[in-house]
Each structure stands twice: as C-alpha cells, then as structure tokens.
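Analysis of the macromolecular model
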Amino acid sequence: MQPLPSQNRFNDFMSRIGDYAILNMVWVVCSLPIVTLGASTSALFEMTRQIQEGRDTHLIRRFTGQLRHNFAKNLVLTLIYTAFFCLSFFDLHYLSSTMGNTTFGAISYACVATVAILILLASSFIFPLSGRSRLSVGSQIRQSASVSLRHPCIAIIITALNATPIVISLVIPGGVAFVIFFWGLLFSAISAWIIVALMVRYSIIAQRQ
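Residues numbered from 1 in each chain as written. Predicted model: local features only at pLDDT ≥ 70, side-chain atom pairs only at ≥ 80, totals over all residues. Heavy atoms only, no water.

The biggest cluster of nonpolar side chains holds 35 residues, and the ones touching the most others in it are Leu 23, Leu 44, Phe 63, Phe 125, Leu 129, Met 199 and Ile 204. Where this core is concerned, the elements lending two or more residues are α1 (5-31), α2 (37-52), α3 (59-68), α4 (71-98), α6 (126-130), α7 (137-150), α8 (152-171) and α9 (175-201). Excluding residues that lie within four positions of it along the chain, Ile 204 makes contacts with Phe 125, Leu 129, Val 147, His 151, Ile 154 and Met 199. (Core = buried A, V, L, I, M, F, W, Y, C linked by side-chain atoms within 4.5 Å. Buried < 20%, exposed > 50% of the residue type's maximum accessible area, 1.4 Å probe, protein only. Helix = DSSP H or I, 4+ residues; strand = E, 2+ residues; numbered from the N terminus. Contact = heavy atoms within 4.5 Å.)

Across all of its chains, the model carries 5 salt bridges by this definition. Residue Glu 53 is joined to Arg 49 by a salt bridge in which the shortest nitrogen-to-oxygen separation is 3.8 Å. Among the salt bridges present, the one from Arg 132 reaches Glu 53, with a minimum N-O distance of 3.1 Å. Taken together, the positions of Arg 132 in the loop between α6 and α7 and Glu 53 in the loop between α2 and α3 put the pair 79 residues apart, joining distant regions of the chain. Its relative accessible area of 12% is what places Glu 53 among the buried residues. Via salt bridges that share partners, Glu 46, Arg 49, Glu 53, Arg 55 and Arg 132 belong to a single interconnected network. (Salt bridge = Lys/Arg side-chain N within 4 Å of Asp/Glu carboxyl O.)

Notably, Ile 34 is not glycine yet its phi reads approximately 70°, a positive angle. Within the secondary structure layout, Ile 34 lies in the loop between α1 and α2. The phi dihedral of Asn 70 is positive, around 55°, even though this residue is not glycine. Along the polypeptide, Asn 70 turns up in the loop between α3 and α4.

Right, let's get into the side chain of Ser 40. Inspection of the secondary structure assignment puts Ser 40 in helix α2. Judged by relative accessible area, which is 0%, Ser 40 ranks as buried. The contact partners of Ser 40, leaving out residues within four places of it in the chain, are Trp 27, Cys 30, Ser 31, Phe 63 and Leu 67.

For the rest of this paragraph, the subject is helix α5 (residues 103-122). In a regular helix each residue adds 1.5 Å, so 20 residues correspond to 28 Å; α5 covers 29 Å between its end C-alpha atoms and thus fits that length. The complete set of buried residues in α5 reads Gly 105, Ser 108, Ala 116 and Leu 121. Buried positions along α5 lie against α4, α7 and α8. (Expected span 1.5 Å × (residues − 1).)

Summed over the entire model, instances satisfying the criterion amount to 9 aromatic pairs. Both rings, one in Phe 178 and one in Phe 182, keep their centres 4.5 Å apart while their planes meet at 45°; by these two values the pair is tilted. Of this pair, Phe 178 and Phe 182 both sit in helix α9, separated by 4 residues, roughly a single helical turn. Judged by relative accessible area, which is 37%, Phe 178 ranks as partly exposed. For Phe 182, a relative accessible area of 29% translates into the label partly exposed. Ring centres of Trp 183 and Phe 187 lie 5.1 Å apart, and the angle between their planes is 80°; this geometry places the pair in the edge-to-face category. With Trp 183 and Phe 187 both in helix α9 and 4 residues apart, the pair spans about one turn of that helix. By relative accessible area, Trp 183 is classed as buried at 12%. Every member of this aromatic cluster is reached through a ring pair, and the members are Phe 178, Phe 181, Phe 182, Trp 183 and Phe 187. (Phe/Tyr/Trp six-rings, centres within 6.5 Å; stacked < 30°, edge-to-face > 60°.)

Here's what the structure looks like:
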C-alpha cells in the first residue's frame, strides 16, 4: 500500500527538520573555539543553501569541508567582528557609567549606539555571502555594505534574527537557558534557512536549478 500524500509530506518535513537539527548541532560544536565562529557560520549558511538546492546528503562531511573553505578570511572577519563588539560594548558601558546622567552623555550614548547599529546592518550579509565568495576581506565588507543599501529591509531582518537570542538572554529571566537549548538545538539553522530563503527570493543569491 502506498503512503498517503499527507504522510509523505509529514515524513519529508520531519526529515528536513532532522537535517537542520544535525546542521545546527554541528555548527554549535564547530563554533565552540570562538575564533572559528565566522567560518562555522559561513559554513552554516552555505550548507543551508545547499539543502534548499536539494543537496542534503553527507551533511557533516560537507560541513567540515566548507568550514575549511576560506577559513583564513573568515578568521580575519571574526577578529574584526570581535574587536568591533568589544569596542562598542566598552564605549557604551563607559558612557553609561561615567556620563549617564548628563545631556552630553545621553547624546554620546545615542550616537555610539546608532553607529554600531548601522555598522551591524552594513555587515549583515558578510557571512551569508562568504560561502562561495572569492573576494578579499575588504571586498567582502564592501559587498555586504552595498547589498545592505540595496536591500535594507532584508538587512534589518538579518540583524534582528541575529540579535534575538542576545536580547532574550539579557532581558528575559531564564533566557540564557532558553537560548542555549533552542538555538543550540534548531533555531540557529532555522534563522539561516529564513535568511537564505529571503536572499534567494530577492535575487541576492541564485538558487541552483
């Protein structure tokens, strides 16, 4: 007896969820050294793109191969990101702790926060596009900024998706445990799926036929 179409769709859906769960957990493990976070994130987006193209076999082996691809450039980009976040955090913490009650402090805080957000928006496409990129580090940064200017709404969505687990961890009681469980299990890959789907939908990247 042939399975009912609804059963086939359910089985296909659960199989795909399993693929993304595996991909998500491999990404977590490969990101643990921290310095590999950029390369691992680039591999996550590229593997998500390949799954959407129908190439969903040997996920772990292909992920580790993709992790090594452009590793040096992704390492440099990770260091730049880390330096940027540390500097932004230091500036905001310094302004809030030393000049938080003054008008100048409030204006300075708002300016630093605005610049940080704009830089995050401009850099939001770096790792989603780096999987198949042959550009230099500087060219990848410029490419991301250019794409962000052409597709500001997508850049905002990417930044919001990336910021969601951070905001939950900082604002909601018990949020850290919630983020560790759900983003460590599946939600990171689901976020990547949403981003890649949007990039394909708006022709930022091409879907292989």
